[in-house]
Structure formats: structure tokens, C-alpha cells
Amino acid sequence: MSLKYIGQRILYLFLVVWAASTITFFIPRLSSRNPVRERFAELARMGGFAPADLEKIIADYSRAFGLDKPLFQQYFDYLAGIARFDLGVSLNLYPKTVAMLLWESLPWTIGLLIVTTILAFVIGNLLGALSAWPQTPNWIRGFATSFVMLQGVPPVLLAILLIFFIGFKLKLAPLGGVYSIGTIPEFSLSFILNLLWHQMLPALALIFGSLGGWVLSMRGMGVTIQGEDYVTYAEHKGLGARTIFRDYYLRNALLPQVTGFALALGNVVVNAIVVESIFGLPGVGSVLFAAIRSNDFLVIYGIVLFITMGVATLMIIVELLYPLLDPRIKHT
Amino acid sequence: MSSVSLNQNLIKRPGRLVLLGRYLRRNPSLTIGLAIMLGLTIFTVYGLLTINPKDAYPLAVRPQQPPSWKYPLGTDFFGRDLYPAMVIGLWQTAIIGLFAGALGTIVGTVLGFLSAYFGGILDKTISTICQILIPIPAFLIHVIIAGAIDKRSVTILTMAFVVFMLAWMGPTLVIRAQVLTMKERQFVSVAKLSGMNSFGIIFREILPNLLPFIAAAFVNQVFQAVFASLYLSVVGLGPLREPLLGNTLWSAQSQAAFFNGWWWWPIGPTVALALILASLALINMGIDELANPRIRTSE
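As the structure is a computational prediction, the values presented were derived from the model and not from experiment.

## A closer look at the overall build of chain B
Then step 1. Of regular secondary structure, chain B possesses twelve helices and zero strands.
Then step 2. Oriented by its inertia axes, the alpha-carbon framework of chain B measures out at about 75 × 60 × 35 Å.
Then step 3. Within chain B, contacts between residues separated by at least 24 positions form 71% of all contacts whose residues are at least 6 apart in sequence.
Then step 4. When the accessible surface of chain B is summed, it comes to about 15100 Å², and 66% of that surface belongs to carbon and sulfur atoms.
Then step 5. Seen as two clouds, the 21 positive and the 11 negative side-chain charges of chain B have centres 7 Å apart.

## Describing the overall build of chain A
Then step 1. Check the secondary structure of chain A and you find twelve helices and zero strands.
Then step 2. Reading chain A from its N terminus to its C terminus gives the helix and strand order α-α-α-α-α-α-α-α-α-α-α-α.
Then step 3. Each of the three principal axes of chain A carries a C-alpha extent, and together these read 90 × 55 × 35 Å.
Then step 4. For chain A, buried positions account for 46% of its 332 residues.
Then step 5. If you take every contact in chain A between residues at least 6 apart in sequence, the share linking residues at least 24 apart comes to 71%.
Then step 6. By element, 69% of the accessible surface of chain A is carried by carbon and sulfur atoms, the whole surface being about 17200 Å².
Then step 7. Mean positive and mean negative side-chain charge positions of chain A (23 and 18 charges, respectively) differ by 5 Å.

## Describing the domain arrangement of chain A
Then step 1. Domains assigned within chain A are domain 1 (3-83) and domain 2 (101-293).
Then step 2. On a C-alpha basis, the centroid separation for the pair domain 1 of chain A and domain 2 of chain A is 37 Å.

## Considerations on the side chain of Asn247(B)
Then step 1. Along the chain, Asn247(B) turns up in helix α11 (residues 245-254).
Then step 2. Setting aside its immediate chain neighbours within four residues, Asn247(B) contacts Ser233(B), Gly238(B), Pro239(B), Leu240(B) and Glu242(B).

## Focus on helix α5 (residues 120-133) of chain B
Then step 1. Along its 14 residues, α5(B) runs 20 Å from first to last C-alpha, staying within 8% of the 20 Å computed at 1.5 Å per residue.
Then step 2. Looking at α5(B), one finds that the buried residues are Asp123(B), Ile126(B), Ser127(B), Cys130(B), Ile132(B) and Leu133(B).
Then step 3. Against the buried residues of α5(B) lie α1 (3-30) of chain A together with α4 (82-118) and α8 (169-183) of chain B.

## Concerning the interface of chain B and chain A
Then step 1. Contact residues are listed per partner, giving 43 residues for chain B and 48 residues for chain A.
Then step 2. Overall, the association of chain B and chain A removes approximately 4000 Å² of surface from exposure, summing both partners, and the carbon and sulfur fraction of that is 82%.
Then step 3. Between the two partners, chain B and chain A, sit zero salt bridges.
Then step 4. Here chain B and chain A share three residue pairs in polar contact (both at pLDDT 80 or more) between them.
Then step 5. Every element with two or more residues in the side of chain B that touches chain A is listed here: α5, α6 (138-148), α10 (198-234), α11 and α12 (264-291) of chain B.
Then step 6. By residue number, the principal contributor to the side of chain B that touches chain A is α12(B), which donates eleven residues.
Then step 7. The residue inventory of the side of chain B that touches chain A, partitioned by class, reads 34 nonpolar, six polar and three charged.

## Some remarks on the nonpolar core
Then step 1. Counting 135 residues, the largest nonpolar core has Val274(A), Ile300(A) and Phe139(B) as its most contacted members.
Then step 2. Examining the composition of this core, we find that 13 residues originate from one element, helix α12 (residues 297-325) of chain A, more than from any other.
Then step 3. No fewer than three residues from each of domain 1 (3-83) and domain 2 (101-293) of chain A sit in this core.
Then step 4. Leave out the neighbours within four places in its chain, and Phe139(B) touches Val270(A), Val274(A), Phe289(A), Tyr231(B), Leu232(B) and Val235(B).
Then step 5. If you look at the next biggest cluster of nonpolar residues, it comprises 14 residues, including Val188(B), Ile202(B), Leu210(B) and Ile214(B).

## Examining a nonpolar patch on the surface
Then step 1. Where nonpolar side chains cluster on the molecular surface, the patch consists of Ile110(A), Ile114(A), Val115(A), Ile118(A), Leu119(A), Val122(A) and Ile123(A) and spans about 590 Å² of accessible area.
Then step 2. Relative to the helices and strands, Leu119(A) is located in helix α5 (residues 98-132).

The rules behind the values
Numbering of residues starts from 1 in every chain and runs along the sequence as written. To label them, take the chains in the order written and letter them from A, then take the ligands in the order written and number them from 1. Per-residue local features of the predicted model are confined to residues with pLDDT of at least 70, and side-chain atom pairs are confined, for both listing and counting, to 80 or more; whole-chain, interface and lining totals are unaffected and use all residues. Computation of side-chain values covers all heavy atoms of the structure but excludes hydrogens and water. Helical segments are the DSSP runs of H or I of at least four residues, strand segments are the runs of E of at least two, and each set is numbered from the N terminus. Contact definition: two residues touch when any of their heavy atoms are within 4.5 Å. Under the convention used here, a 1.4 Å probe and the Shrake-Rupley method define accessible areas, while residue burial counts only the protein chains that appear. His is not counted, nor are the chain ends, whereas Lys and Arg count as positive and Asp and Glu as negative. The atom standing in for a charge is NZ when the residue is Lys, CZ when it is Arg, CG when it is Asp and CD when it is Glu. Here the term buried applies to any residue with accessible area under 20% of the maximum for its type, exposed to any over 50%, and partly exposed to those in between, with areas from a 1.4 Å probe on protein chains only. In this document the domain limits rely on a domain assignment from an automatic tool or a database. Here a helix's expected span is defined as the number of its residues, less one, multiplied by 1.5 Å. Note on terms: buried area is the combined drop in 1.4 Å-probe accessible area of two parts once they are placed together, counting the loss on both. Counted as salt bridges are all cases of a side-chain nitrogen of Lys or Arg within 4 Å of a carboxyl oxygen of Asp or Glu. A 3.5 Å cut-off defines polar contacts: any pair of N or O atoms within that distance qualifies, except that in protein one atom must be a possible hydrogen donor and the other a possible acceptor, and neighbouring residues in sequence count only when both atoms are side-chain atoms. Only Asp, Glu, Lys and Arg are considered charged in this grouping, and only Ala, Val, Leu, Ile, Met, Phe, Trp, Tyr, Cys and Pro are considered nonpolar; every other residue, Gly among them, is considered polar. To define a nonpolar core, start from buried Ala, Val, Leu, Ile, Met, Phe, Trp, Tyr and Cys residues and group those joined through side-chain atoms within 4.5 Å. Like charges within 9 Å and nonpolar side chains (Val, Leu, Ile, Met, Phe, Trp, Tyr) within 5 Å are joined into patches, using only residues over 30% in relative accessible area that form no salt bridge.

The structure is reproduced here in C-alpha cells:
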């Protein structure tokens, strides 16, 4: 792997982040909505402001957020802020910064994401490989193939169906929330179990929501690899079915799946934040949707940019790690 | 010689319908997908002919009624009859999907074509823009665009347009890749050598061979459009007045329908959306098999 290649990828990462920040900056400014004015108009409806003061407050706030400067200066200030990882301040939860909000909510989202993504990837690929392997018992093959039907059903809908069947009908899981109402957050086994119990349905929705895609693509890969000469050769050498399955078949079929994994990352993250907001979990998704509801513009842009940067960076990391998995590939 | 031709006369060539039926039996995902889609279409068309559209909007009927003979899918907290709401929601979802899907496919096909056929700086520009935009999760940009539009002026068509704005890159890259390989094929060289102009080569030689890929791209685009509009409306960025399926889900969720025991409110739209998306995904798989015979699996 040459330095030149890494340099190119990093340049590409910068381009992606620059494009995302430019879109997030200019689109809202093309519209006629003024978030500061909307915010204070709402507060004024509840009373407590003299109209003249209101104009002064709006002017003050506009100055504080830099909204009175010329557009291009605002744009460069904004880009400079991003370069310093300064994503601005929340309008609604002032003086909390966007970085603080992210810092509080990110662990929840990342925890849910890591567990569900790894489980879905492992289970989905195993089922997909089994469904295309000729020696698989028929019932396992049928079971694995049935997951292809799930492909296309988004996790949000599965979340609602799971809430209905498991939470509402069978009463086996909570309908939403982080922990049972009335429990006190503490570091004890029962509280942690309670927390995990509340994460069960969102996790299941996310796992089942992405399983179908992995099963389908792995099945396709599996069918292709079976016809390869090296598999036939391994069979003729008299290697055990298990060895062939693991070392000759699964290992080779998994390689393109890793690329697919990098490409799917954006969707995975989006699914997670939407499902979080359905269950009312305190992750990035809930913060984003609270911000949408109150038109808290810097929080919206901050979160969008942060997620874009995260996804683009992870994609490049997976790409750079790829030669470790497949020695045939060398980035030059 | 004569006996051979006699035998050929004896073999009856099956009619087109029989052949189609045989193909559908070999391609179960296409068949199941088309069957679900047909069922949904019949439900929607029959519904549109029989319902009173006014019942799908607030304050039309008694609120919070569970499903009964009078209200087959129940009524919601705001006094909408959920059966007409579902019919209109399906219709609106179809409009968004078809409009955004068609627009995305057309723009993608044209850009992909231009990019691959003429190459050079045009190709560089178009493919670089696609590659920069693709890692950005489209949903997040949709959130920004939809959030910037005044809530009261969001309509079904603006929503379709918002969805389209970030959807054309996929088909552009697919069509570009196909045209690049097709450009090198012999039939194109023959056409060129026999003096056909670019226009003729594009429309008479390349385009007909691309049709399966364009069809696959279209189904995929419709799927993506329905998916994107569901996500936007389920978080409250849809045209809030309309009974779009995702909007119904959003309002049920924000009124804590399950906590209040109104299970019928979110379940109907969830099942409808799951059926739409699953059938589109199945049709997509089926068309893939039709377009790339190489991935056909023989059982």
C-alpha cells in the first residue's frame, strides 16, 4: 500500500466532507425560514415579551450566531468551525454545544450499532452460505432462504411489528423507553439487565432488518464459488466437508461481503437512528429528531455532518484494511 | 428431409401466455412480487372507486374506534377513518414512488449514457460528482432539504422531488458501466464502420440492449423512493395534512398509540408498507435474474 494511495483516499474524504458541509450550509439558506425568528415567535406566543424587545433579542441572537454577516463570510466561518470540530451551539438547549449533545448521545447509538451490525453480518452471512451449500439439510436451507423475503422490509416497520407482537400482545418486552419508569439509574446488575431488556426490541428490529440483504448477497456469492475449480479440486483431494465449507467456500465468499459492508454503512447508521427515535432511546437519532421538531438548525447540521464524516471515514478504513483480508489486492 | 419437417409440424409451439406462465414458474421471486403488487393495486383502485375521500381527513368520523364492520380498519385519535386513509395513502405512496422513480431513472440513464459514450472531461465530472455524493447518507440530506421547506407547503410532489434529488447517482453509475462495456462490443463497431451516426448507434444499437438494465434500475429507484419517503414521513417531515402511510405511522407513534391500546392505528400502514417494499424487492430480484442470466440459480 503506497503513501500516494492513502493520500488520495484522504483527499477524497475531505471532498466528501466538504460536499456534505456545503450542502448542509446552502440548502437551508435558500429557504425563507428563519430559525431564530421562529424560535422567538413561539416563545412570544407564550407571553412575556414586549414586541420591541423581541426584535432586539432576535437581532442580538442573529449577531451571536453570526447570521447578520454576508453569506460568504458565514460560509467560511462555518467551514473553519468544522475544521476545528466546532459544530456550534444549540439554539434550543443553549448554552449546550452540538459537540456536548453528541458526546452524551453517541455511546447509546454506537453500542446498539456495534452489537446489531456484527450479529446481523455474522448470522446473515452464515445463513446465506448455508442456503447455497449443496450439503445443507433441506430444512436449514428452507429456513435460511426464507430470510430473503425480509430483504426490503425496513427495520422501522419491523420495529413496529415487534412492538405489536412481542411488546403489546405477548407483553414480553417493553413498548419503548430506556429503563422502566420508576427505576433509579445505578450501577447494579438489576438495572443493567433492565437497560438491556429495553434494548432488546430495537436490537432485534435492526438485526432482522439487515439480515435479508446479507443472506441474499451471500447466497449469490456462494452459488458462484461452488462452481470454482478449486472447490472441486478440494473435494477430489478428499478434504472433509467442514474444511471445504470453512476454508475454501466461506472464506472466499466473505471477501466481497466486506466491501458490501462498507457500502451498507450509511444505511446501517440511518436505520439505527430512525429505530432509536421510534423506541425513544436517548441516542443520536432522538437528539436529531428533537432538533428537527424544534428547528434547532445548528444541531441538525452538526449531527448530519458528524454522521457523514463518520460513515465516510469508516468506509475508507474498511477499504484500507481490505489488503489484510485478501493478500491478492494491493492498493497502489 | 420430409419426415423432419413433418415432425416439426407435429410439435406444437406453446402460445405466448403459456411461455410466460412457464417463465414465471421458474422465477418465483418475480411471480410473488408481481402477485403482491397486483393485489395492492386492485385494493387501491377498488378503494378509490368506493370510498369518500373526505373520511380520510381529521374530524370526519368518531375517533378511537377499533376495527368493526362500519370501520374495517378502525378510526384514529383525530377522527380519520383509517380504511379510506389507507387507500389514499397507498395511492399517494404510488405517486411518490413512480414520479421520483421515473425521474431518477430518466436523469440517471441520460447522464450515464452521456458520461460513458462521450467520455473525456464530461465523464470525469459526472463520475466524480457521483462518487463524492454516494457516501453521504441520502436520508440525512433529505432531512435538511425537507426541514428547510416551509411545513405548510410540503405536498406529495415536492416530497417526490426531494427524494429524487439524491437518487439519480445509482442509475447513472449502473448505466454508465453497462454502456462502457457495450461500446466495445462488435455490433457497435460494425454499426460505426457502416457509417451510422452517434444518434443512430445510441438509439438503435445500444438502447434496446440496455432495456433490461433500465427496467431493473427503475424498479430499484421506485423502491428507494418509497423507502426514502417512508423514512422522511415517519420522522415527521412529510406533508403532514395528507394520510400518506408514513405520516399515519408518525402520528400514531407521536400519540403513543401502543401505550394507549390503539394497536390498529399503526398496524395497518405498517403491513401495507412492508408489503409494498417486500414486493418491490422481490420484483427487483426477479428482474436481476432476467437481466443477468449468469446469476440464475438452478435448483
